[in-house]
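Observations on the model geometry
Below are the chains, spelled out letter by letter.
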Amino acid sequence: MLIPHPLLGLRDAQEFTYLGDASLMDRPDPTQDNAETAFCDYVFMRNNPAGVHRELWFHEQGDRSWLVVTRNTITHEILGAELAKDLKLNRKDAQ
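Everything numeric here is computed off the predicted structure, so don't read it as measured data. (Residues numbered from 1 in each chain as written. Predicted model: local features only at pLDDT ≥ 70, side-chain atom pairs only at ≥ 80, totals over all residues. Heavy atoms only, no water.)

1. Quick notes on the pairing of strand 1 (residues 2-5)
Sheet faces and side chains relate simply in a regular strand, where the side chains alternate between the two faces. Quick reminder of the rule: Burial classes: relative accessible area under 20% of the type maximum marks a residue as buried, over 50% as exposed, and values in between as partly exposed (1.4 Å probe, protein chains only). Only runs of H or I of at least four residues qualify as helices and only runs of E of at least two qualify as strands under DSSP, and these elements are numbered from the N terminus. A pair of strands is labelled paired if DSSP reports no fewer than 2 bridges between them.
What you see with strand 1 is a clean split: Ile-3 and His-5 sit on the buried side and Leu-2 and Pro-4 on the side with no burial. Summarising the sheet, strand 1 and strand 2 (residues 9-12) pair through 4 bridges and their orientation is antiparallel. Its bridge partner lying in strand 2, Ile-3 is registered against Arg-11. Between strand 1 and strand 2, which pair antiparallel one after the other, the connecting turn spans 3 residues.

Dropping the structure here:
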């Protein structure tokens, strides 16, 4: 499987470590009243979707960047990849 790294071009998936659902970037706020429940859900209540899904991948054997890869979990087709740091910046700007 080839992952289209936004800076380095197509890279073999063996260079990366899969880290799970990209929604993990949205950690609960520990200062909220429901923080304990929110963190419990964040850690233990995960979806296992079939179809198009956004995932975190770490370029361990490369430039050590974090990517958000959009992939079809049924066909393993890679639909795109973005640098996770760019997505985090966009979310902060939107607030």
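That covers the picture; the talk isn't over yet.
2. Concerning the nonpolar core
Grouped burial of nonpolar side chains is what soluble globular proteins tend to show. Rules: As used here, the term nonpolar core means buried Ala, Val, Leu, Ile, Met, Phe, Trp, Tyr and Cys residues forming a set that is joined through side-chain atoms within 4.5 Å. Only heavy atoms enter the contact rule, under which two residues are in contact if any of them lie within 4.5 Å.
Core analysis: the biggest nonpolar cluster contains 9 residues, these being Ile-3, Ala-13, Phe-16, Trp-57, Leu-67, Val-69, Ile-78, Ala-81 and Leu-83. Only strand 5 (66-72) and strand 6 (78-83) provide two or more residues apiece to this core. No other element matches strand 6, which puts 3 residues into this core. Discounting residues that sit within four places of it in the chain, Val-69 has contacts with Ile-3, His-53, Arg-54, Glu-55, Trp-57, Ile-78, Gly-80 and Ala-81. Ranked by size, the runner-up nonpolar core spans 8 residues in total, among them Leu-24, Met-25, Tyr-42 and Leu-87.

3. Looking at unusual backbone geometry
Despite not being glycine, Arg-64 has its phi angle at roughly 65°, a positive value. With phi around 65°, His-76 is a residue other than glycine that occupies positive phi space. Mapped onto the secondary structure, His-76 falls in the loop between strand 5 and strand 6. Assessed through its relative accessible area of 43%, His-76 is described here as partly exposed.

4. A look at a nonpolar patch on the surface
Put simply, the rule reads: Patch members must show over 30% relative accessible area and no salt bridge, and they are joined within 9 Å when carrying like charges or within 5 Å when they are nonpolar side chains of Val, Leu, Ile, Met, Phe, Trp or Tyr. Exposure was quantified through the Shrake-Rupley algorithm and a 1.4 Å probe, taking into account, for residues, occlusion by the shown protein chains and nothing else. Salt bridges are defined by distance alone: a side-chain nitrogen of Lys or Arg within 4 Å of a carboxyl oxygen of Asp or Glu.
On the surface, Val-43, Phe-44 and Met-45 cluster together to form a nonpolar patch covering roughly 350 Å² of accessible area. Of note, Phe-44 is situated in helix 1 (residues 35-44).

5. A few points about the pattern of salt bridges
For the structure shown, the criterion picks out 4 salt bridges. As a salt-bridge pair, Glu-15 and Arg-11 come within 3.1 Å of each other at their nearest N and O atoms. On the basis of relative accessible area, Arg-11 is assigned to the partly exposed category, the value being 28%. Across the pair Asp-86 and Lys-85 runs a salt bridge, and its minimum N-O distance is 3.7 Å. Given a relative accessible area of 34%, Asp-86 falls into the partly exposed group.

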